[in-house]
There are 2 protein chains.
Amino acid sequence: MTAPVELYDTTLRDGVQREGLSFSLEDKLKVARRLDALGVQYVEGGYPGSNPRDQEFFARARAMTWQGATVVAFGATRYKGNRAADDPNLKALLDAGTAAVTIVCKSSRFQVREVLAVAPEENLAMIGESVAFLHGHGRRVFHDAEHFFDAWKEDRDYALATLRAARAAGAEGLVLCDTNGGTLPWEVAEIVRAVAAEFGPGAPGPTGGAAVGIHTHNDAELAVANTLAAVQAGATHIQGTINGYGERCGNANLCAIIPNLKLKLGLDCVSDAQLASLTETAHYVSELANLKPDDHMAYVGASAFAHKAGYHADAMRKNPLSYQHVRPEVVGNEARILISELSGRGAVASKAESLGLRLGTGDEVRAVVDRVKQLESRGYQFEGAEASFELMVRRLDRAYVPPFELIDFMVMVETRGGRDMLAEAMVKIGIGGGDREERAPGAPGANGTNGTNGPAGRVSTRTLHTAGEGNGPVNALDAALRKALVEFYPEVQEIRLTDYKVRVIDEGSGTEATVRVMIDSSDGESSWTTVGSSPNIIEASWLALADSLEYGLQRVLARRK
Amino acid sequence: MTAPVELYDTTLRDGVQREGLSFSLEDKLKVARRLDALGVQYVEGGYPGSNPRDQEFFARARAMTWQGATVVAFGATRYKGNRAADDPNLKALLDAGTAAVTIVCKSSRFQVREVLAVAPEENLAMIGESVAFLHGHGRRVFHDAEHFFDAWKEDRDYALATLRAARAAGAEGLVLCDTNGGTLPWEVAEIVRAVAAEFGPGAPGPTGGAAVGIHTHNDAELAVANTLAAVQAGATHIQGTINGYGERCGNANLCAIIPNLKLKLGLDCVSDAQLASLTETAHYVSELANLKPDDHMAYVGASAFAHKAGYHADAMRKNPLSYQHVRPEVVGNEARILISELSGRGAVASKAESLGLRLGTGDEVRAVVDRVKQLESRGYQFEGAEASFELMVRRLDRAYVPPFELIDFMVMVETRGGRDMLAEAMVKIGIGGGDREERAPGAPGANGTNGTNGPAGRVSTRTLHTAGEGNGPVNALDAALRKALVEFYPEVQEIRLTDYKVRVIDEGSGTEATVRVMIDSSDGESSWTTVGSSPNIIEASWLALADSLEYGLQRVLARRK
């Protein structure tokens, strides 16, 4: 297939029907500019008849220069009983000053009767007069055939009559909408094929020569498939939204449709460079929308090319196409290897390599895998806590010298006599492990209390014993530990904890439950995440905290060398 | 179509390949029980060869009673060079003690060469011997044909040879996997049709009579469509996961597939009552997975039947099927009307009705719509802040007497001489509006500072002037306000603020930006959300806070009557 297709984005109109989504005027303009850069041919900017912000959008858009996009205003047919020339909605559409407009029209007898409450013939007159009015004022007109697929099943002759009314009045595009999102792909294909035969580019007769469009919704999780089915059946005008934003379950997701068209159907709807900007565009729009991106979205999600299963990760090392349907770079995304309890040797070796750690022998790899499995059975999870993973690998190397070692800690939280709650901590640590004596493995004091803090057997040259307080126990521990470290490592002052998360692993187990703590830290230049797990929340917090500072300080030590 | 289909859930095995997802043993058992209740025929419990937790799962599952589900263990073919009888993975599969097992087998020459690194004939032997070994030990065997669709495109004869090897050795099901998730629906249909013709229930010859299965991934956002295409082409065994959990972009989502099969294809794969438990099941599993449910998921999402556009909401009042492809009750979900800047009179009237507020005349509805649009242009958003919406409607009624009215407030935040940061607030309010004098609209003191706190013109009988402090400015304001209210309304002590969220509306605008504050509150019996918006974060917080307490107290007043 090489028929040209055109992309029509409706993120700024139908997309903002999504619950919780609204854009400021400035953000709407930013999104429109980005869509233009992505290579979308039509950018629907809003519904000028419905709210003042959209009117302002079109005023601002008129003053801007566009690379290739045509800005489109959206509206409805004239109100029943109005003359088109007197209809305020149609006037607002003209006032938007766009070269093209889209008007929503009823295709279904059921909708005309129940919702519009007019006679079927009056609806045809509303369509024809509205299109003719806009066309007569020099506008390119797209006819948005609402509920078209349901209408076809109900009364296909009437559905076709609405298209003929629009076409006869000058509509250049007939956009078939699966408004309720419940149509199946083979139904879409059959109906689009029939419509394209009468109205499509190659169709003979007075109604031929139009662009047949497709606009789907995701209520049966079929919006992308329905769009592709329509293209296969002859549709050339494709509507959708970035990230699939839209009312209820969303509109057809252009972030899946564009790569499917280009990479699977061979339709050059955007350039290679534009396709490579897709992931960034998806994240940019979600950022402006203030919505967390869906990590699992096809092509553009952060997890779209993330490999967890041990034998998948192993195969990926052998050949990157073994568990990827396309190369992530072509859509601007990247592959990632995750570390998890299911990971085998391949994943661990890949991960270690990507962190710049050399695991020379199969035995070393096996030792890391065993350690991961052991810790994960105790509630650890290294996905997203790569700093703790890296420390664990380093600690298995007998040449590794940690920047400090825990000796003792104590935390006290109390409230007394109506005063504020008090949190205090005491910490004893050793620093300067270069001068080591051997100690029996498992002897108290030399390592982290539940085992991530490396092999026992190291004793430090200098012992420090400090106390601190804070607004809570972890904050107090952090304060005491830093007090001890700052004399040896003034750089510790640059390390900040930026987030602290707690998750109960086994919720059914009450106060016995294991908790997992994750801490995000930053030194201003980079950031890292660490994990600790224990049935004692203080201990879990301590482990994540100690890892955070150890990770930051071993980078300081590496720089000093 | 009325051919029977069977559902096979792999949430506990392939689903947990999702980044960030892991279940405890107890949670795995809970999910399995819920899947059994949903009517799934096969519950794949895990990969006993890969980790100890899955071995424990099968030990526990053997001791349980199942309504109708068969628990299935998953594994791989024997390792290259092993005899089947000596292979530890196959032994772990037998040890799981399940009636049925699934083994993953390579279908693709590319995979066999690059990843397995064995000759094509050795792979056929690995398949045949592994299936025969398990079948010989009395297990029902499903052959999981990895990368089948890619394998078919590469070398269909070899792909078919792997199926024949499995079938000849006793496999009862041949599950065709789109492992990399990149196949298109019409390709799936064509390939499944060809496989079903040789191996399906009605196929003649020695290979016929098998269940042809489908297992898809969502990397092109086509997993559900590909599953339905396979069913149309003759597949009768359907694999997927709850909420579409799975590696990368996820597996085929049973929460969309089940209602599509039953409601659209007329295949009675679960009972009506089971289908009505689908939304609850989806949320239950996401709760155990500790993952936020996707509100926009087809059928089961909280927004799946939420209507925002003004004319959609209006049409929904006229006929609930006008913008819904199915009735939400059949899947255990419900319709909701959202209030937003795009809402017209229909949405406002519906919303007011659902809150038990009567808006008698068109003028009253119009006054509310105008007020919503005015406030939304200043950064308000009433979606999710129904308490503020309700108060706004009540305040437009001249007979409404608010429980208190703001007169003045002052907040001070300072840090000095190394001491803790200090936050103090002073509040002056009037209480007892029953005895009112008229005051000029707009006169200072009688209403909330940016206009949500009802019409001006009310003066109170008693003025209270209090101060409070807190760990931050809003906390201090809250303290001062409660101190004033508690004498008149001791019930205020039961109202707690449970969450406080801030969002910057116009991020590009620096310190001039408008912020929106939302506060969740609870009185132990029910909870509500309020909103405030202003360029001054203290003012925005005050507005949301005052709404929170006013909403709680007007319910108290209503109860006193």
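Just above, that's the structure.
Everything in this summary refers to the structure shown in the same document. (Residues numbered from 1 in each chain as written. Chains lettered and ligands numbered in written order. Predicted model: local features only at pLDDT ≥ 70, side-chain atom pairs only at ≥ 80, totals over all residues. Heavy atoms only, no water.)

Side note on the overall build of chain A
Turning to step 1, where the next piece is worked out: Across its full length, chain A holds 17 helices and 16 strands.
Turning to step 2, where the next piece is worked out: In chain A, which comprises 561 residues, the proportion classed as buried is 60%.
Turning to step 3, where the next piece is worked out: Of the contacts formed within chain A by residues at least 6 apart in sequence, a portion of 69% connects residues at least 24 apart.
Turning to step 4, where the next piece is worked out: Taken as a whole, chain A presents about 21300 Å² of accessible surface, with 50% of it coming from carbon and sulfur. (Helix = DSSP H or I, 4+ residues; strand = E, 2+ residues; numbered from the N terminus. Buried < 20%, exposed > 50% of the residue type's maximum accessible area, 1.4 Å probe, protein only. Contact = heavy atoms within 4.5 Å. Areas by Shrake-Rupley, 256 points an atom, 1.4 Å probe, with all protein chains shown as cover.)

Let's talk about the pattern of salt bridges
Turning to step 1, where the next piece is worked out: Scanning the entire structure with this criterion turns up 54 salt bridges over all chains.
Turning to step 2, where the next piece is worked out: Put simply, Glu198 of chain B and Arg164 of chain B hold a salt bridge, and the shortest N to O gap is 2.7 Å. Pair noted here: Glu198 of chain B is in helix α7 (residues 185-199) and Arg164 of chain B is in helix α6 (residues 148-168), with a separation of 34 residues, a long-range link.
Turning to step 3, where the next piece is worked out: Residue classification places Arg164 of chain B among the partly exposed residues on the basis of a relative accessible area of 35%.
Turning to step 4, where the next piece is worked out: What you see here is one network of salt bridges that share partners, running through Arg13, Asp14 and Glu44 of chain A. (Salt bridge = Lys/Arg side-chain N within 4 Å of Asp/Glu carboxyl O.)

Things to note about the pairing of strand β5 (residues 140-146) of chain B
Residue and element names in this part refer to chain B.
Turning to step 1, where the next piece is worked out: Counting buried positions along β5 yields 6 of 7 residues, so the element is predominantly enclosed.
Turning to step 2, where the next piece is worked out: By the bridge criterion, 4 bridges tie β5 to strand β6 (residues 173-178) in an arrangement that is parallel. In the sheet register, His143 faces β6, and the bridge partner there is Leu174.
Turning to step 3, where the next piece is worked out: After leaving β5, the chain enters α6 and then returns to the sheet as β6, a path that is right-handed. (Pairing = 2+ DSSP bridges. Right-handed = clockwise from strand over helix to strand, strands pointing away.)

Things to note about the interface of chain B and chain A
Turning to step 1, where the next piece is worked out: In this assembly, 86 residues from chain B lie in contact with 85 residues from chain A.
Turning to step 2, where the next piece is worked out: In total, chain B and chain A occlude about 7100 Å² of area from one another, counting both sides; carbon and sulfur atoms represent 46% of this.
Turning to step 3, where the next piece is worked out: Counting across the interface, chain B meets chain A through 2 salt bridges.
Turning to step 4, where the next piece is worked out: We note a salt bridge from Arg336 of chain A to Glu19 of chain B, for which the minimum N-O separation is 2.6 Å.
Turning to step 5, where the next piece is worked out: Our count for the contact surface shared by chain B and chain A stands at 22 residue pairs in polar contact (both at pLDDT 80 or more).
Turning to step 6, where the next piece is worked out: Among the elements that line the side of chain B that touches chain A, the one with the most residues is helix α8 (residues 223-232) of chain B, at 5 residues.
Turning to step 7, where the next piece is worked out: Of the residues belonging to the side of chain B that touches chain A, the class tally is 35 nonpolar, 26 polar and 25 charged. (Buried area = accessible area lost by both parts, 1.4 Å probe. Polar contact = N/O pair within 3.5 Å; in protein donor to acceptor, adjacent residues only side chain to side chain. Nonpolar A, V, L, I, M, F, W, Y, C, P; charged D, E, K, R; others polar.)

What about the side chain of Lys106 of chain A?
Turning to step 1, where the next piece is worked out: Looking at where Lys106 of chain A falls in the secondary structure, it is placed in strand β4 (residues 100-106).
Turning to step 2, where the next piece is worked out: Judged by relative accessible area, which is 9%, Lys106 of chain A ranks as buried.
Turning to step 3, where the next piece is worked out: In terms of polar contacts, Lys106 of chain A uses its side chain to reach the side chain of Gln111 of chain A, at 3.4 Å.
Turning to step 4, where the next piece is worked out: Among the polar contacts listed, one links the side chain of Lys106 of chain A to the side chain of Tyr323 of chain B, at a separation of 3.4 Å.
Turning to step 5, where the next piece is worked out: Not counting residues up to four positions away in its chain, the partners in contact with Lys106 of chain A are Gln111, Val112, Val115, Leu116, Asn123, Ile127, Glu146 and Thr162 of chain A together with Tyr323 of chain B.

Considering the packing of helix α6 (residues 148-168) of chain A against helix α7 (residues 185-199) of chain A
Residue and element names in this part refer to chain A.
Turning to step 1, where the next piece is worked out: Running from N to C, α6 and α7 cross one another at 20°; their axes reach a closest spacing of 12 Å. What the angle tells us is that α6 and α7 run roughly parallel. The hand of the α6/α7 crossing is right-handed. Two secondary-structure elements touch here, α6 through Phe148, Phe149, Trp152, Lys153, Leu160, Leu163, Arg164 and Arg167 and α7 through Glu187, Val188, Ile191, Val192, Ala194, Val195, Glu198 and Phe199.
Turning to step 2, where the next piece is worked out: When its residues are assigned to classes, the contact of α6 with α7 shows 11 nonpolar, no polar and 5 charged. (Axes fitted to C-alpha atoms, helices over the stretch in contact; angles between N-to-C directions. Parallel < 35°, antiparallel > 145°, perpendicular 65-115°, else oblique. Left-handed = near helix turned anticlockwise from the far one by under 90°.)

Focus: the sheet that holds strand β8 (residues 237-240) of chain A
Residues and elements named next belong to chain A.
Turning to step 1, where the next piece is worked out: Spatial strand order, β1-β2-β3-β4-β5-β6-β7-β8: 8 strands in a closed barrel with parallel pairing. Between one strand and the next, the sheet's axes are offset by a mean angle of 25°, whatever the strand orientation.
Turning to step 2, where the next piece is worked out: The sheet contact formed by strand β3 (residues 70-76) and β4 spans 5 bridges and is parallel. Within the sheet, the bridge partner assigned to Ala76 lies in β4 and is Val104.

So, the relation of the copies chain B and chain A
Turning to step 1, where the next piece is worked out: For these two chains of identical sequence, chain B goes onto chain A by a turn of 180° and a shift of 0.1 Å along the axis, with RMSD 0.1 Å. Put plainly, the chains are arranged around a two-fold axis. Looking at the rotation axis and the C-alpha trace of chain B, the residue lying nearest is Ala225 of chain B, at 3.1 Å.
Turning to step 2, where the next piece is worked out: Mapped onto chain A, 99% of the interface residues of chain B again fall at the interface, so both copies present the same surface. (Least-squares fit on C-alpha atoms with pLDDT ≥ 70 in both.)

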